[in-house]
Amino acid sequence: MSDLAPLRKSATELAALALECRRDILVMLEKAQSGHPGGSLSAIDLITTLFFHEMRMNPQDALWADRDRFVLSKGHGVPALYAVLAKRGAIESSVLGTLRKINSQLQGHPDRVLLPFVEASTGSLGQGLSIAQGIALALKLQKKNSRVFCLMGDGETQEGQVWETAMSAPKFKLNNLVAIVDCNNGQIDGHVKDVMDLEPVVEKWKAFRWAVQEIDGHSFPAIISALEKARAEIERPTLIIARTTKGKGVSFMENQIGWHGVAPNPDELQKALGDLGRSGK
Amino acid sequence: MGAKATRDSFGEVVRELGAENSSVVVLDADLSVSTKSALFAKAFPERFFQMGIAEANMIGTAAGLSFSGFVPFCCSFGCFLTGKYETIRVSVGYSRANVKLVGTHAGLGTGEDGYTQMGLEDLNLMRGLPGMVVLNPCDDKTTRAAVRFAVQHTGPVYLRLTRQKLPDLHSSESDFKMGKGIVLKTGKDIALIGTGSTVSEALKAAEGLASHQPWVVDMHTIKPIDGALLKTLSDSCRLIVTIEDHNVVGGLGTAVAESLAENGFSGKLLRLGVQDTYGESGLPHELYDKYGFSSQKIVSRVKEILK
């Protein structure tokens with residue numbers, strides 16, 4: 001089973017993988033002509049690190065019983081997950097071109113029925129952390145040492161259901177649950193602080209008795225180290241506040257709210273790929 | 001003839017199932033004493049999750065438990081549970097989660113606590129979700145059978161239960177087959193179709209309408225509705241009456257109307273129940289009378305139409 005152990009890729013290797021995934025995300029979105037680049041690019045370094053450094057998975061068997069689980073609660077960031085799954089060999093790269101097209105497994109928001117590597121069908125914000133908690137409870141009942149990772153958006157945590165789970169996961173002593181908030185400061189209607197300010201977010205989660213860490217969500221050494229610390233928790237669930245940049249890596253998308261849910265056109269794709277160090281074709 | 005609240009039957013049988021099947025887990029949102037899931041909690045504390053007054057989180061957590069092979073029963077009052085519709089829609093319905101939603105305190109029968117505690121739209125909401133089986137049993141035996149069915153069935157189920165006691169109408173659990181209405185009286189000209197607490201009202205009303213030879217049906221499964229039985233009734237009857245302790249919009253009456261219309265029923269349909277309004281405090285029998293579906297009111301409404 002050693003080949004199914006976490007890959008533990010180095011920070012340098014992760015950076016190279018994430019760069020390739022960024023390109024795949026943009027190509028996918030340009031082809032789909034709809035979708036969410038901003039939040040996919042802010043999350044990709046986190047998701048890449050989970051799948052290439054931290055999580056146990058079997059790319060040949062989505063339902064392998066001893067796998068670690070990843071719940072993408074911010075379902076609109078799913079191009080990032082598809083790109084990583086393809087890179088990891090779990091899905092064919094050729095299928096990426098079907099994103100958002102009719103009859104595709106790659107729905108606009110993740111669908112666990114159509115694509116078994118998706119652990120939870122999400123996109124209606126605020127629900128994924130509850131589901132992740134249920135999976136974590138199940139793993140404890142089954143006395144398995146698999147762990148559950150859940151990625152939320154910062155705007156998403158405006159949903160009340162998130163705070164219901166914030167309250168309950170410490171009660172159940174779910175040290176096998178790691179939640180990450182992709183704090184890219186943006187949501188559809190504007191900056192998070194203007195739409196509905198979440199700060200002081202670290203203090204909030206601490207008050208709910210989570211083991212809280214605050215990191216640069218684009219620093220691979222920082223992400224690796226935070227996940228390592230989470231492994232050492234003996235009782236508390238971990239909450240990682242990952243400070244990120246919406247649209248990270250593409251000069252004209254960075255911190256631009258307008259790129260939350262708009263796909264690049266062919267010219268914009270070429271420009272974006274140029275930013276990411278390679279031409280498109 | 002014995003009488004028992006269907007929530008009590010549920011509490012007992014889910015505890016039995018807990019002993020028989022280690023995959024069964026139960027979640028409640030601070031109403032375990034009322035939903036009777038407390039019986040399971042006492043017997044199997046390691047498989048009971050007290051979620052506090054936070055139903056959406058309970059439903060999502062149940063979905064997660066089901067994804068790892070457990071069979072979760074998620075318990076609350078029907079109104080509070082189905083009020084978290086968006087969570088049920090995505091985390092349970094669209095996700096094809098094997099979650100069993102148990103909504104007690106069905107309808108006006110909830111009584112003195114009044115409207116905010118009454119599940120009066122729950123059948124409508126749950127019927128709207130593809131793949132959801134919607135059950136509303138009328139007595140102890142069929143409730144026991146419905147809970148056992150829910151565990152065997154792979155997929156989401158909504159089980160609607162009463163606070164008030166209901167008389168025993170069935171002698172055997174095997175009377176219950178999901179999706180198959182139970183004919184309690186074979187008749188001729190008219191049919192009285194009840195569900196849950198109104199089946200006994202229909203039976204009593206049938207005595208006052210004996211000259212019209214009424215069919216009496218226990219329609220315990222609201223979804224999928226028993227189209228074959230409804231076809232039989234529509235071939236035989238000139239008047240079909242549905243009786244439900246629920247808003248007539250979207251519940252039994254609507255399900256029956258859809259089926260009858262699609263099958264070309266040429267007679268009249270009368271939908272008794274809460275007539276697209278809210279409920280209020282009172283004793284169950286007072287409320288059933290005021291809202292027009294006590295056995296006496298069923299008799300007078302039917303006689304009015306047939307005269």
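Quantities reported herein were computed from a predicted structural model and do not represent experimental measurements.

A. Representation of the overall build of chain A within the structure. A count of helical and extended segments in chain A gives nine helices and seven strands. Along the longest, intermediate and shortest principal axes, the C-alpha atoms of chain A span 50 × 45 × 35 Å. Looking at chain A as a whole, 53% of its 281 residues qualify as buried. Across chain A, every contact between residues at least 6 apart in sequence was considered, and the portion connecting residues at least 24 apart equals 75%.

B. Looking closely at the overall build of chain B. For chain B, the helix and strand inventory stands at 13 helices and 14 strands. Over its C-alpha atoms, taken along the principal directions, chain B stretches across nearly 60 × 35 × 35 Å. Out of the 307 residues belonging to chain B, those deemed buried represent 61%. In chain B, 78% of the contacts between residues at least 6 apart in sequence involve partners at least 24 apart.

C. Expanded view of the pairing of strand S5 (residues 100-104) of chain B. Of all five residues in S5(B), five are buried; the element is thus mostly enclosed. Burial along S5(B) is two-sided: the residues B:Lys100, B:Val102 and B:Thr104 and B:Leu101 and B:Gly103 are all buried.

D. Molecular detail of the sheet that holds strand S11 (residues 215-218) of chain B. Residues and elements named next belong to chain B. Strand order across the open sheet formed by five strands is S9-S11-S10-S13-S14, with mixed pairing between neighbours. With partners counted over all chains shown, the strands left at the sheet margins are strand S9 (182-185) and strand S14 (268-274), one partner each. Direction aside, the axes of adjacent strands within the sheet are offset by 25° on average. The sheet contact formed by strand S13 (residues 239-247) and S14 spans six bridges and is parallel. By the bridge assignment for S14, isoleucine 243 is matched with leucine 272. Of the strands in this sheet, strand S10 (190-194), S13 and S14 are in contact with helix H11 (residues 252-262), which crosses S13 at around 145°.

E. Representation of the packing of helix H9 (residues 198-208) of chain B against helix H13 (residues 295-306) of chain B in the model. Residue and element names in this part refer to chain B. Direction vectors running N to C along H9 and H13 enclose 50°, while the axes themselves pass 8 Å from each other. Between H9 and H13, the angle is such that the two are oblique. With respect to the hand of their crossing, H9 and H13 are arranged in right-handed fashion. In contact with Glu201, Ala202, Lys204, Ala205 and Gly208 of H9, H13 contributes Ser295, Ile298 and Val299.

F. Representation of the domain arrangement of chain B. All names here are of chain B. Domain boundaries assigned for chain B yield domain 1 (3-167) and domain 2 (175-301). Summarising the inter-unit geometry, the C-alpha centres of domain 1 and domain 2 are found 24 Å apart. Counting from both sides, the interface comprises 32 residues of domain 1 and, opposite them, 33 residues of domain 2. Mapped onto the side of domain 1 that touches domain 2, the elements with two or more residues apiece are helix H7 (122-127), strand S6 (133-135), helix H8 (140-152) and strand S8 (165-167). For the side of domain 1 that touches domain 2, the leading source of residues is H8, giving five residues. By residue class, the composition of the side of domain 1 that touches domain 2 is 17 nonpolar, nine polar and six charged.

G. Spatial organisation of the interface of chain A and chain B. Facing 21 residues of chain A, the contacting portion of chain B comprises 22 residues. Looking at the side of chain A that touches chain B, the elements that each hand over two or more residues are helix H4 (128-141) and helix H5 (160-171) of chain A. Of the residues forming the side of chain A that touches chain B, the biggest block, nine residues, is contributed by H4(A). Looking at side-chain class alone, the side of chain A that touches chain B contains eight nonpolar, 10 polar and three charged residues.

H. Spatial organisation of the pairing of strand S2 (residues 24-28) of chain B. All names here are of chain B. The element S2 is largely enclosed, with a buried count of five among its five residues. Neither face of S2 is exposed, since Val24, Val26 and Asp28 on one face and Val25 and Leu27 on the opposite face are all buried. With five bridges connecting them, S2 and strand S4 (residues 71-77) associate as parallel partners. Across the sheet, the residue bridging to valine 24 is valine 71, located in S4. The sheet contact formed by S2 and strand S3 (residues 48-50) spans three bridges and is parallel. Across the sheet, valine 26 pairs through a bridge with phenylalanine 48, a residue of S3.

I. Broad picture of the packing of helix H1 (residues 11-32) of chain A against helix H3 (residues 78-87) of chain A. Residue and element names in this part refer to chain A. The N-to-C vectors of H1 and H3 enclose an angle of 120°; their axes lie 9 Å apart at closest approach. For the element pair H1 / H3, the angle class is oblique. With respect to the hand of their crossing, H1 and H3 are arranged in right-handed fashion. Contacts between H1 and H3 involve Leu17, Glu20, Cys21, Asp24, Ile25, Met28 and Leu29 on the former and, on the latter, Pro79, Ala80, Tyr82, Ala83, Val84, Ala86 and Lys87. For the contact of H1 with H3, the per-class residue count stands at 11 nonpolar, no polar and three charged.

J. Region of interest: unusual backbone geometry. A cis amide bond links A:Glu199 to the next residue, A:Pro200, at an omega of 0°. By secondary structure assignment, the location of A:Pro200 is in the loop between helix H6 (192-196) and helix H7 (201-207). Omega for the bond connecting B:Lys223 with B:Pro224 falls within 30 degrees of zero, at 0°, which places this linkage in the cis form. Checked against the element boundaries, B:Pro224 lands in the loop between strand S12 (221-223) and helix H10 (227-236). Residue A:Lys143 is not a glycine yet carries a positive backbone phi of 55°. Position of A:Lys143 among the secondary structure elements: in the loop between H4 and strand S2 (148-153). Owing to 6 C-beta atoms within 10 Å, A:Lys143 belongs among the exposed residues under this scheme. In this structure, A:Asn185 takes a positive phi of about 70° despite not being glycine. Judged by local crowding, A:Asn185 falls into the partly exposed class, with 19 C-beta atoms found within 10 Å.

K. A look at H1(A). Residues and elements named next belong to chain A. Compared with an ideal rise of 1.5 Å per residue, which puts 22 residues at 32 Å, H1 spans 31 Å between its outermost C-alpha atoms and is within 8% of the ideal. Every buried residue of H1 is accounted for by Leu14, Leu17, Ala18, Cys21, Arg22, Asp24, Ile25, Leu26, Val27, Met28, Leu29 and Glu30. Considering only its buried residues, H1 is in contact with helix H2 (37-54), H3, helix H8 (220-231) and helix H9 (266-275). Glutamine 33 sits one or two positions beyond H1 and adopts a positive phi of about 60°.

Calculation criteria
Residues numbered from 1 in each chain as written. Chains lettered and ligands numbered in written order. Predicted model: local features only at pLDDT ≥ 70, side-chain atom pairs only at ≥ 80, totals over all residues. Helix = DSSP H or I, 4+ residues; strand = E, 2+ residues; numbered from the N terminus. Buried ≥ 20, exposed ≤ 12 C-beta atoms within 10 Å, placed from the backbone. Contact = placed C-beta atoms within 7 Å. Pairing = 2+ DSSP bridges. Axes fitted to C-alpha atoms, helices over the stretch in contact; angles between N-to-C directions. Parallel < 35°, antiparallel > 145°, perpendicular 65-115°, else oblique. Left-handed = near helix turned anticlockwise from the far one by under 90°. Domains from an automatic or database assignment. Nonpolar A, V, L, I, M, F, W, Y, C, P; charged D, E, K, R; others polar. Expected span 1.5 Å × (residues − 1).

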